[in-house]
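Understanding the architecture of this molecule
Residue strings, one per chain:
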Amino acid sequence: MIQIGETSYSLSDPAVLLTLGAGALVLFAMILLVVSVKRAGQSAAMTQMLASQMGGVTQRVQMLSDGQQQLFGGLNSVTEAQAQQQAKTLHLMEQRLAAVTEAMNQNLSSSARNTAQSLGELQQRLKTIDKAQENITKLSGDVLSLQDILSNKQTRGAFGEIQLNDIVSKALPSDSYALQHTLSNGKRADCLIHLPNPPGPIVIDSKFPLEPYERLRNATTDWEVNEAARQLRTAVKTHIKAISDRYIIEGETADGALMFLPSEAVYAELHANFPELVREGFAARVWIVSPTTCMATLNTMRAILKDARMREQAGAIRKELAMLYADVDRLGTRVENLDRHFGQAAKDIADIKISADKAGRRAKRLDNFDFEELAPDDDAPRVVPLTRGDG
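Residues numbered from 1 in each chain as written. Predicted model: local features only at pLDDT ≥ 70, side-chain atom pairs only at ≥ 80, totals over all residues. Heavy atoms only, no water.

1. Some points on the overall build of the protein
The condition that has to hold: For the purposes of this entry, the term helix denotes a DSSP run of H or I that reaches at least four residues, the term strand denotes a run of E that reaches at least two, and both are numbered from the N terminus. Every residue pair with non-hydrogen atoms within 4.5 Å of one another is taken to be in contact.
Each helix and strand in the protein was counted, giving 9 helices and 7 strands. Counting contacts in the protein only where the partners sit at least 6 residues apart, residues at least 24 apart contribute 60% of the total.

See below:
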């Protein structure tokens with residue numbers, strides 16, 4: 001690179017090489033001139049020829065100087081154009097950078113809003129999850145409380161009675177059953193359904209053989225299974241015998257009773273794997289029911305109670321039907337009278353319309369002084385001349 005003023009030139013540039021060559025020629029000419037002077041003894045012809053050559057070299061040097069000036073002008077033009085282009089490029093880059101910065105700011109602002117909204121929704125969901133967790137914790141506590149209740153025989157019996165009371169109260173009218181009813185033998189039944197004869201009042205007693213059932217479910221060896229099954233059979237047989245002896249009283253209750261199991265699982269286990277217990281209950285006239293089958297049985301009893309009450313009210317119903325028939329017959333007579341009055345009224349209205357039309361025609365004739373056209377109407381009163389012999 002060659003620095004000339006504020007402009008830098010490259011040695012590979014053709015214009016620079018041309019300028020350097022011209023300078024070398026001038027230097028070479030000067031050297032020749034010096035050599036020529038030293039050789040002053042040479043002939044005048046050679047001196048003249050050298051002078052001529054020096055003139056040509058001087059002319060060429062002038063031409064090279066002019067070319068160098070033109071080259072400098074072109075280089076200055078190129079430099080100015082390049083500077084303008086660089087300024088335009090820089091301005092364009094600044095505009096694009098500003099646009100990119102603005103778009104990035106907008107995207108960041110939108111992302112911040114979306115992130116804040118997502119965080120808000122996430123916080124709401126976390127609150128919902130916390131609330132659900134609290135409900136689950138509460139439910140776990142309730143389940144543990146239920147387990148504590150079922151682990152005690154007295155509380156387990158109360159649990160079965162409460163469930164039985166709830167089912168009966170939903171299925172039957174309040175005057176068709178009695179809770180904790182004491183029989184003539186002094187035994188207190190959980191529920192007595194007042195059914196008509198036959199079959200008569202029937203007792204429902206709640207039993208819950210939970211402990212042997214849980215042992216059967218948790219048994220891992222054959223011996224444990226057999227032992228738990230034996231205990232379950234013993235417990236169910238004991239309940240069946242107790243209900244049959246206490247709550248089936250001839251002349252007071254129905255010839256049978258219901259044993260209510262408050263667990264569908266225990267009921268299903270008995271019918272699936274202990275059918276002999278179910279048959280033994282049938283033989284003792286004790287029918288085992290679960291919450292579902294108890295509801296179905298009570299619905300059947302409700303139909304029986306409804307039919308019995310309808311039979312009791314049959315006389316009153318017949319009396320009401322007779323009165324209803326009399327009312328309907330009286331209504332028919334009055335409708336006939338009303339229809340006859342309507343017919344007479346319609347006939348009177350038609351006669352009134354005919355008389356009004358005739359009166360209108362007569363008034364029109366009088367208004368036109370057309371007395372000759374006046375003639376007696378068919379419905380006008382006629383004067384009949386008296387004849388001899390008339391009174």
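That was the structure; now back to the text.
2. Observations regarding the pairing of strand β5 (residues 202–206)
Applied cut-off: Here's how the labels work: a residue is buried when its accessible area is under 20% of the maximum for its type, exposed when over 50%, partly exposed in between, all with a 1.4 Å probe on protein chains only. When DSSP finds two or more bridges between a pair of strands, those strands are recorded as paired.
Across the 5 residues that make up β5, a large majority, 5, are buried. Of the two faces of β5, the one lined by Ile202, Ile204 and Ser206 and the one lined by Val203 and Asp205 are each fully buried. The pairing of strand β4 (residues 188–193) with β5 spans 3 bridges and is classified as antiparallel. The residue bridging Ile193 from the neighbouring strand is Ile202, located in β5. As paired elements, β5 and strand β6 (residues 257–260) share 4 bridges and run parallel to each other. Opposite Ile204, over in β6, you have Leu258 as the bridge partner.

3. A few points about the pattern of salt bridges
Convention followed: Salt bridges, as used here, are contacts in which a Lys or Arg side-chain nitrogen is within 4 Å of a carboxyl oxygen on Asp or Glu.
Overall, the coordinates contain 9 salt bridges when judged by the stated rule. Here Asp327 and Arg330 are joined by a salt bridge, their closest N and O atoms 2.9 Å apart. Here Asp327 pairs with Arg330, and both are found in helix α9 (residues 314–367), just 3 residues apart, close to one helical turn. On the basis of relative accessibility, which here comes to 41%, the residue Asp327 falls in the partly exposed class.

4. Focus on the confidence of the model for the protein
The condition is simple: Think of pLDDT as the predictor's per-residue confidence, scored from 0 to 100.
The share of residues in the protein with pLDDT of 70 or more is 76%, and the mean pLDDT across the chain is 76. Element-level pLDDT for the protein is lowest in strand β1 (residues 2–4), with a mean of 54, against a maximum mean of 89 in β6. Every residue in residues 141–146 scores below 50 in pLDDT, and together they form 1 contact with partners more than four places removed in sequence or on other chains. The model gives residues 383–391 a pLDDT under 50, and that stretch makes 0 contacts with residues more than four places away or in other chains.

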